[in-house]
Amino acid sequence: MAEIRHLATVHDQLRIQLRQTTGKTTQPSAAILDSQSVKTTEKRGRSTATTQGKTVKGRKRFILVDTLGLLIAVVVIEASCPERLGGAAVVFEASEAATEYLSVVWVDQRFIGANFARVVNQLTGAEVEVICRHSAEFEILPKPWIVERTFAWWNSCRRLSKDYEVLPEMSQAMIYGVMTRLMLRRLAKLQEQT
């Protein structure tokens, strides 16, 4: 577990550096929370989740990202975990990082609940704002697309397209590793441009 903490620390320092390079403050004032159900290999993660009408045998990845789509915290839990419980777990994980500057956390309708909003407020001091769909037709919601883009970045990484790890902690470490690589590439491009 100590190795994951070291990897998360390196990741967080790179996030701060990338935010500064792009002209943002070092710590985010807004964040977006969401989850992704991911299949596991046949021998791993036998729990089942039904997410938005889809039944998935595997795990759920709960993430909190800033407005650039950069990872603040991640928690990987069994797929049967309720959304608000997993959301509270990732906010708790993030509260150990730099969340004292957060003023708002955007979520979708799966995270509606007074208890969830109270937990987020107690852990970070941030208010929860639910982004709702206004019609049954497809529409791009203003903030949740940012976290969906982060999930899309992971799908281009073969190791994260499916959860191959025995331990959820190793899945979290793989996510931190992928995000670290992504941020290093962005920093290198930004430095080439200057």
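For the structure, check the block above.
### Thoughts on the overall build of the chain
Link 1 in the chain: Summing up its helical and strand segments, the chain has 5 helices and 6 strands in all.
Link 2 in the chain: Start at the N end of the chain and walk to the C end: the helices and strands fall as α-β-β-β-β-α-β-α-β-α-α.
Link 3 in the chain: Looking at the chain as a whole, 46% of its 194 residues are labelled buried.
Link 4 in the chain: Carbon and sulfur atoms form 53% of the exposed surface of the chain, whose accessible area is close to 10400 Å².

### Examining the packing of aromatic side chains
Link 1 in the chain: All chains considered together, the criterion is met by 2 aromatic pairs.
Link 2 in the chain: Where F151 meets W154, the ring centres are 5.5 Å apart and the plane angle is 75 degrees; that geometry is what we call edge-to-face. In this pair, F151 and W154 are both assigned in helix α4 (residues 144–155), 3 residues apart and thus about one turn of the helix distant. As far as burial versus exposure is concerned, F151 and W154 are alike and both buried.

### Some words on the packing of helix α1 (residues 2–21) against helix α5 (residues 168–193)
Link 1 in the chain: It is the contact of α1 with α5, at a shortest axis distance of 9 Å, that shows an interaxial angle of 30 degrees. When the interaxial angle is binned, α1 and α5 end up roughly parallel. By crossing handedness, the relation of α1 to α5 is classed as left-handed. Each of I4, L7, A8, H11, L14, R15, Q17, L18 and T21 in α1 lies in contact with α5, whose residues at this interface are E169, A173, Y176, G177, M179, T180, M183, L184, R186, L187, L190 and Q191.
Link 2 in the chain: Looking at side-chain class alone, the contact of α1 with α5 contains 12 nonpolar, 6 polar and 3 charged residues.

### Focus: the nonpolar core
Link 1 in the chain: I63, V65, L71, V74, W154 and I175 are the most contacted members of the largest nonpolar core, which has 28 residues in total.
Link 2 in the chain: Counting residues per element, this core draws most heavily on α5, at 7 residues.
Link 3 in the chain: Other than its neighbours up to four places away in sequence, V65 contacts A30, A31, I32, L70, L71, I72, I146, V147 and T150.
Link 4 in the chain: Judged by nonpolar contacts, the second largest core, of 18 residues, contains L33, V75, F111 and A126.

### With respect to the side chain of K60
Link 1 in the chain: Among the secondary structure elements, K60 is positioned in strand β3 (residues 54–65).
Link 2 in the chain: The class of K60 is buried, set by a relative accessible area of 4%.
Link 3 in the chain: Engagement of the side chain of K60 in a polar contact is seen with the side chain of E83, the distance being 2.7 Å.

What counts and how
Residues numbered from 1 in each chain as written. Predicted model: local features only at pLDDT ≥ 70, side-chain atom pairs only at ≥ 80, totals over all residues. Heavy atoms only, no water. Helix = DSSP H or I, 4+ residues; strand = E, 2+ residues; numbered from the N terminus. Buried < 20%, exposed > 50% of the residue type's maximum accessible area, 1.4 Å probe, protein only. Areas by Shrake-Rupley, 256 points an atom, 1.4 Å probe, with all protein chains shown as cover. Phe/Tyr/Trp six-rings, centres within 6.5 Å; stacked < 30°, edge-to-face > 60°. Axes fitted to C-alpha atoms, helices over the stretch in contact; angles between N-to-C directions. Parallel < 35°, antiparallel > 145°, perpendicular 65-115°, else oblique. Left-handed = near helix turned anticlockwise from the far one by under 90°. Contact = heavy atoms within 4.5 Å. Nonpolar A, V, L, I, M, F, W, Y, C, P; charged D, E, K, R; others polar. Core = buried A, V, L, I, M, F, W, Y, C linked by side-chain atoms within 4.5 Å. Polar contact = N/O pair within 3.5 Å; in protein donor to acceptor, adjacent residues only side chain to side chain.

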